[in-house]
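Reading the structure
Below are the chains, spelled out letter by letter.
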Amino acid sequence: MSTRESRLKDIVIRLPEATAGDFFALLKPRVMALAVFTAFVGLMTAPGPTNPVIAVIAISAIAMGAGAAGALNMWYDADIDALMSRTSKRPIPSGRVAPGEALGFGLVLSALSVTVLGVLVGWLAASLLAFTIFFYVVIYTIWLKRSTPQNIVIGGAAGALPPVIGWAAATGAIGIESIILFLIIFLWTPPHFWALALFKVGEYAAAGIPMMPNVAGQPSTRKQILAYSLVLAPIGVLPWAFGFASGYYGIVSTVLGAGFVWRACKVLTIPDKEMKQAKALFSYSIFYLFAIFATLLADTTVMRTIASAGH
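Residues numbered from 1 in each chain as written. Predicted model: local features only at pLDDT ≥ 70, side-chain atom pairs only at ≥ 80, totals over all residues. Heavy atoms only, no water.

**Digging into the overall build of the protein chain**
Scanning the protein chain from N- to C-terminus turns up 16 helices and 0 strands. Compactness check: the protein chain gives a C-alpha radius of gyration of 20 Å against a globular reference of 19 Å for 311 residues, within 12% of the reference. Across its three principal axes, the protein chain shows a C-alpha extent of roughly 70 × 50 × 25 Å. Taking all 311 residues of the protein chain together, the buried fraction comes to 51%. (Helix = DSSP H or I, 4+ residues; strand = E, 2+ residues; numbered from the N terminus. Rg over C-alpha atoms; globule rule 2.2 N^0.38 Å. Buried < 20%, exposed > 50% of the residue type's maximum accessible area, 1.4 Å probe, protein only.)

Listed below in structure tokens is the structure:
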């Protein structure tokens, strides 16, 4: 019996009855919230009027799909989740939900979310949602995560697709604007997760996950964090450069990008055993992504309100 099978067997043996809260936790609500928010921004910034009913259905289906991917991720990763402090209390490794229950829950939600989005909104958006779930679960979780330090780089595509899905739900197409939103999240993902990996390096090593600091070393990881940050900062300004955001967004995104680069520089030049700089960058990266998408949403809303008043 493999080590993974042995750990899962131990989880099943100590299983009590699961609660609704345990199944909700399987959805990875914080990750799901970020996916839903960026999808909502993609939907709301798309050109043309937005049908509120379609918008609610689309966002609900995307939330369901994101939660399904989270549940399937937790099902497969239960063995390594049990070895890490930040994940050991998740429903499966803590023994509150059986692996089989999580698998069935995730598969049902996956099918339901894609079907609802396809039938009631559009099949392009549904196809993108299906691909996102597949990519996150099969390509990232099952294949990349345990096999290459580039796991986050390639796997980040799954987390970057929600705004494209939202845009497709609103327009039935994929525009250059949605691709720019994809790029912002895609380039944000490596420095965000590598900052986490720097101060969780021991836990990732114990779990056998080849994160960049464990494979390439911390100095190389710090340099790569800065390199990605230097690319991310100007990409974050592209919505203004391409004309679907105002100068206000351009200023805010420039300041936010400069803050990201500044913190990445501190991670590179002021390494410390307590990992204060890495933790600060990790926290700032979360703020950055939320702030830049919130600014774009507010900017678009104001611009459209002004345009409507002018007519």
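**Re the pattern of salt bridges**
Going through the model one piece at a time under the given rule, you end up with 6 salt bridges. A salt bridge links Asp77 to Lys145; its shortest N-O distance comes to 2.7 Å. Note that Asp77 is positioned in the loop between helix H4 (52-76) and helix H5 (78-81) and Lys145 in the loop between helix H7 (123-144) and helix H8 (151-160), a separation of 68 residues in sequence. Between Lys200 and Glu203 there is a salt bridge, with its nearest N and O atoms 3.7 Å apart. For the pair shown, Lys200 and Glu203 are each scored as buried. Taken together, the shared-partner salt bridges in this structure form one network comprising Asp77, Asp79, Lys145 and Arg146. (Salt bridge = Lys/Arg side-chain N within 4 Å of Asp/Glu carboxyl O.)

**Observations concerning helix H9 (residues 162-171)**
Counting buried residues in H9 gives 8 out of 10 residues, a clear majority hidden from the surface. Along H9, the residues classified as buried are Pro162, Pro163, Val164, Ile165, Gly166, Trp167, Ala168 and Ala169.

**Focus on the nonpolar core**
Residues Leu117, Ile184, Tyr288 and Phe293 are the most contacted members of the largest nonpolar core, which totals 84 residues. In terms of residue count, the dominant contributor to this core is helix H10 (residues 176-199) (12 residues). If near-sequence neighbours (up to four positions away) are discounted, Phe293 is found in contact with Phe37, Thr38, Val41, Pro163, Leu181, Ile184 and Ile185. Within the second largest apolar cluster, 7 residues are counted, among which are Met74, Ala78, Ile92 and Val97. (Core = buried A, V, L, I, M, F, W, Y, C linked by side-chain atoms within 4.5 Å. Contact = heavy atoms within 4.5 Å.)

**Some words on the packing of aromatic side chains**
Counted according to the given criterion, the structure contains 11 aromatic pairs. Ring centres of Trp194 and Tyr228 lie 5.6 Å apart, and the angle between their planes is 80°; this geometry places the pair in the edge-to-face category. Of this pair, Trp194 sits in helix H10 while Tyr228 sits in helix H13 (residues 218-235), and the two are 34 residues apart along the sequence. We classify Trp194 as buried; its relative accessible area is 0%. Directly above the aromatic system of Phe199 lies the positively charged group of Lys279, at a separation of 5.7 Å from the ring centroid. (Phe/Tyr/Trp six-rings, centres within 6.5 Å; stacked < 30°, edge-to-face > 60°. Lys NZ or Arg CZ within 6 Å of the ring centre and 35° of its normal.)

**Side note on the environment of Ile154**
As for its placement among the helices and strands, Ile154 is situated in helix H8. Given the relative accessible area of 39%, Ile154 is considered partly exposed. Considering only alpha carbons, one finds Ile154 and Val237, 83 residues apart in sequence, at a separation of 23 Å. If we ignore the near neighbours within four places in the chain, the residues touching Ile154 are Phe135, Leu144 and Phe186.

**Observations regarding the packing of helix H6 (residues 99-120) against H7**
Direction vectors running N to C along H6 and H7 enclose 160°, while the axes themselves pass 7 Å from each other. Of the possible angle classes, the one that applies to H6 and H7 is roughly antiparallel. For the pair H6 and H7, the sense of crossing is right-handed. Note on element contacts: H7 touches H6 through Trp123, Ala125, Ala126, Leu129, Ala130 and Ile133, opposite Ser110, Ser113, Val114, Thr115, Leu117, Gly118 and Val119. Its residues assigned to classes, the contact of H6 with H7 comprises 9 nonpolar, 4 polar and no charged. (Axes fitted to C-alpha atoms, helices over the stretch in contact; angles between N-to-C directions. Parallel < 35°, antiparallel > 145°, perpendicular 65-115°, else oblique. Left-handed = near helix turned anticlockwise from the far one by under 90°. Nonpolar A, V, L, I, M, F, W, Y, C, P; charged D, E, K, R; others polar.)

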